[in-house]
Amino acid sequence: ISIIMQFIAGPVVGLFTENAKVIVLGSQYIRGYIFDCIFAGIHFSFTGYFCAYGKSYIGFIHNMAAIVLVRVPGSYLASRMFADTLLPMGLAAPAGSFLSVIICVAAFIWLKNSGKLDVHNADNRAYEVDNAKLFLIGEVAKMYRISMGTRRHYEQPYFYELKVAKNNFFNVKC
């Protein structure tokens, strides 16, 4: 998509406006910004991975670092240094996400080498749960007051059984 957007940025921006100047400047911006989708997907995945291990602070750290050190100052400097084009300003976001990826990879390597990502050392209390109850999606819908039609659509006549295996992983049987 990032490569395709380099060729179709003008028509895509043109879907939202007929103003020629906005189309030109918007196209410049989106041609730079679109690369953020590559790096954001990587650091979003790392954030979820770290959260699963009870280390959500890493997501906070890399996001704050990217915002404070790259995204905001990069956008500001680009607007001052390149007033006639928005491409450099559009590149500030992917540059920030790239910093996030670097921080995430470094954190992953450090945690992996220190043994803090081993399954038996994970800070995840879910492995200690005994006789836990899983809810049918219809029950969850009732808790959140979702409509009857939606509940009927998702409700399945299956009963779920949860067993904690000897190796501390869940085996869910339907």
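That block above? That's the structure.
*Asks:* Whenever I open this one, the packing of helix α2 (residues 20–33) against helix α5 (residues 87–113) confuses me. Can you help?
*Replies:* Two quantities define a packed helix pair, namely the angle between the helix axes and the distance between the axes. α5 packs onto α2 with a crossing angle of 25° between their chain directions and a minimal axis gap of 7 Å. Here α2 is positioned roughly parallel relative to α5, judged by the angle of their axes. Every pair of crossing elements has a handedness; the one defined by α2 and α5 is right-handed. Every residue of α5 that contacts α2 at Gln 28, Tyr 29, Arg 31, Gly 32 and Tyr 33 is listed here: Leu 87, Met 89, Gly 90, Leu 91, Ala 93 and Pro 94. Here the residues of the contact of α2 with α5 are counted per class, giving seven nonpolar, three polar and one charged.

*Asks:* When you look at the environment of Val 22 in this model, what are you seeing that I'm missing?
*Replies:* Tracing the backbone shows Val 22 in helix α2. Note: C-alpha distance between Val 22 and Gly 10 (12 residues apart in sequence) is 9.7 Å. Setting aside anything within four residues of it in sequence, one finds Val 22 in contact with Val 13, Thr 17 and Ser 27.

*Asks:* Help me out: how do you make sense of the packing of helix α3 (residues 36–52) against α5 in this one?
*Replies:* Contact geometry of α3 with α5 gives a least axis separation of 8 Å together with a crossing angle of 35°. Handedness of the crossing formed by α3 with α5: left-handed. Every residue of α5 that contacts α3 at Asp 36, Phe 39, Ala 40, Ile 42, His 43, Phe 46, Tyr 49 and Phe 50 is listed here: Ala 93, Pro 94, Ser 97, Phe 98, Ser 100, Val 101, Cys 104, Val 105, Ala 107, Phe 108 and Leu 111. The residue makeup of the contact of α3 with α5, split by class, is 15 nonpolar, three polar and one charged.

*Asks:* What should I look at first to understand the packing of aromatic side chains in this one?
*Replies:* What characterises a pair of aromatic rings is the spacing of the ring centres plus the angle enclosed by the ring planes. Applying the stated criterion across every chain yields a total of seven aromatic pairs. Note on Phe 46 and Phe 108: the rings are 6.0 Å apart at their centroids and 55° apart in plane angle, and the pair reads as tilted. Here Phe 46 is found in helix α3, whereas its partner Phe 108 is found in helix α5, with 62 residues between them in sequence. A relative accessible area of 26% means that Phe 108 is categorised as partly exposed. The rings of Phe 46, Tyr 49, Phe 50, Tyr 53 and Phe 108 are connected pair by pair, giving a single aromatic cluster.

*Asks:* Explanation requested: the nonpolar core in the structure shown.
*Replies:* Note on soluble globular proteins: their nonpolar side chains tend to be buried together. Judged by nonpolar contacts, Phe 46, Phe 50, Tyr 53, Ile 58, Cys 104, Ala 107, Leu 111 and Leu 117 together constitute the single largest core of eight residues. When contributions to this core are tallied by element, the ones reaching two or more residues are α3 and α5. At three residues, the largest contribution of residues to this core is made by α5. Those residues in contact with Leu 117 that lie beyond four places of it in its chain are Tyr 49, Tyr 53, Phe 108, Leu 111 and Lys 112.

*Asks:* Hey, could you run me through the side chain of His 43 in this one?
*Replies:* In this structure, His 43 sits in helix α3. For His 43, the residues in contact, after removing those within four places along its chain, are His 62, Asn 63, Ser 97, Ser 100, Val 101 and Cys 104.

Calculation notes
- Residues numbered from 1 in each chain as written.
- Predicted model: local features only at pLDDT ≥ 70, side-chain atom pairs only at ≥ 80, totals over all residues.
- Heavy atoms only, no water.
- Axes fitted to C-alpha atoms, helices over the stretch in contact; angles between N-to-C directions.
- Helix = DSSP H or I, 4+ residues; strand = E, 2+ residues; numbered from the N terminus.
- Parallel < 35°, antiparallel > 145°, perpendicular 65-115°, else oblique.
- Left-handed = near helix turned anticlockwise from the far one by under 90°.
- Contact = heavy atoms within 4.5 Å.
- Nonpolar A, V, L, I, M, F, W, Y, C, P; charged D, E, K, R; others polar.
- Phe/Tyr/Trp six-rings, centres within 6.5 Å; stacked < 30°, edge-to-face > 60°.
- Buried < 20%, exposed > 50% of the residue type's maximum accessible area, 1.4 Å probe, protein only.
- Core = buried A, V, L, I, M, F, W, Y, C linked by side-chain atoms within 4.5 Å.

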